[in-house]
Amino acid sequence: MNGSPKSRELLIFGFVFVILGLGIFHQSINSLLEYNRTAISSGQIWRLVSCHFVHLNFLHTLLNTTGLILCFAVFGTPKNPVWSCIYLITLALFVSAGLFFFSPDVIYYLGLSGLLHGILIHYLIVGFNRHRLIHGLGIAFVVLKLVIEQLPMFDVFYLQNYIGDRVITESHLYGAIGGLLWVVIQRQLTNAGQSTGH
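Everything numeric here is computed off the predicted structure, so don't read it as measured data.

What counts as what
Residues numbered from 1 in each chain as written. Predicted model: local features only at pLDDT ≥ 70, side-chain atom pairs only at ≥ 80, totals over all residues. Heavy atoms only, no water. Helix = DSSP H or I, 4+ residues; strand = E, 2+ residues; numbered from the N terminus. Rg over C-alpha atoms; globule rule 2.2 N^0.38 Å. Buried < 20%, exposed > 50% of the residue type's maximum accessible area, 1.4 Å probe, protein only. Contact = heavy atoms within 4.5 Å. Lys, Arg positive; Asp, Glu negative; His and termini not counted. Charge placed at Lys NZ, Arg CZ, Asp CG, Glu CD. Axes fitted to C-alpha atoms, helices over the stretch in contact; angles between N-to-C directions. Parallel < 35°, antiparallel > 145°, perpendicular 65-115°, else oblique. Left-handed = near helix turned anticlockwise from the far one by under 90°. Nonpolar A, V, L, I, M, F, W, Y, C, P; charged D, E, K, R; others polar.

1. Observations regarding the overall build of the chain
Right, so step 1: When helices and strands are counted, the chain shows ten helices and two strands.
Right, so step 2: Taking 16 Å as the expected radius of gyration for a compact globule of 198 residues, we find that the chain reaches 17 Å, a close match to that expectation.
Right, so step 3: Expressed as lengths along the three principal axes of its C-alpha atoms, the size of the chain is roughly 50 × 40 × 30 Å.
Right, so step 4: Taken over 198 residues, the chain has a buried fraction of 41%.
Right, so step 5: In the chain, 78% of the contacts between residues at least 6 apart in sequence involve partners at least 24 apart.
Right, so step 6: Each charge sign in the chain was given a centre, from 10 positive and 7 negative side chains, and these centres are 16 Å apart.

Pasting the structure below:
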């Protein structure tokens, strides 16, 4: 079910407000919600989702919420709130699963940046046919960024003075892959629906 533009904006505002609130109280709640490999292995599986909505400090929160707002300002707000929630949860699980199974050296993780990369790559690919040059350049930029971030000489501590720890670049890669997979799934579902209609 698609919501009205006004209701979609209110949902986005509420979502951002919750993330900002979590950022304000980060010292009190992070230990309960962050990605903690040992805790997850012990059965605290809610952390696989909750870790993406808490941040190292309030500046970290502001950086990521600004990126989210910019995404919606440029590409528009999601039209279907239900599918948006499903998308965010499954993307969060995908990124966390990537960290858990393929990045065993990552013991802790917090932040929206993995999801942001998935959201961005999703928007860029879905809108490619409407604005090929701009979206093509955007896709090329994101891919180049991801490649550079995976190079051994990349300084993962370049934001340490601001956010208090290293950037978990692996989450960006898994997020982008998850966003790409969602485009494939979305198109398969659309094609299946069209076939059923005929």
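2. Concerning the side chain of His122
Right, so step 1: If you trace the backbone, His122 turns up in helix 7 (residues 113-126).
Right, so step 2: Setting aside its immediate chain neighbours within four residues, His122 contacts Tyr87, Gly179, Trp182, Val183 and Gln186.

3. Description of the environment of Leu59
Right, so step 1: Of note, Leu59 is situated in helix 5 (residues 58-75).
Right, so step 2: On the accessibility criterion, Leu59 (37% relative accessible area) is partly exposed.
Right, so step 3: Considered as a pair, Leu59 and Ile163 are 104 residues apart in the sequence and their alpha carbons are 6.5 Å apart.

4. Some points on the packing of helix 5 against helix 7
Right, so step 1: With their axes 10 Å apart at the nearest point, helix 5 and helix 7 run at an angle of 10° to one another. Taken together, the axes of helix 5 and helix 7 are roughly parallel relative to one another. Of the two possible hands of crossing, helix 5 and helix 7 adopt the one that is left-handed. Residue-level inspection shows Asn64, Gly67, Leu68, Cys71, Phe72 and Phe75 of helix 5 in contact with helix 7, the latter providing Ser113, Leu116, Ile119, Leu120, Tyr123 and Leu124.
Right, so step 2: Of the residues contributing to the contact of helix 5 with helix 7, the split by class is nine nonpolar, three polar and no charged.

5. Side note on the environment of Gln186
Right, so step 1: Note on placement: Gln186 falls in helix 10 (residues 169-197).
Right, so step 2: With a relative accessible area of 34%, Gln186 lands in the partly exposed category.
Right, so step 3: When near neighbours in sequence (up to four residues on either side) are disregarded, Gln186 contacts His122 and Val126.

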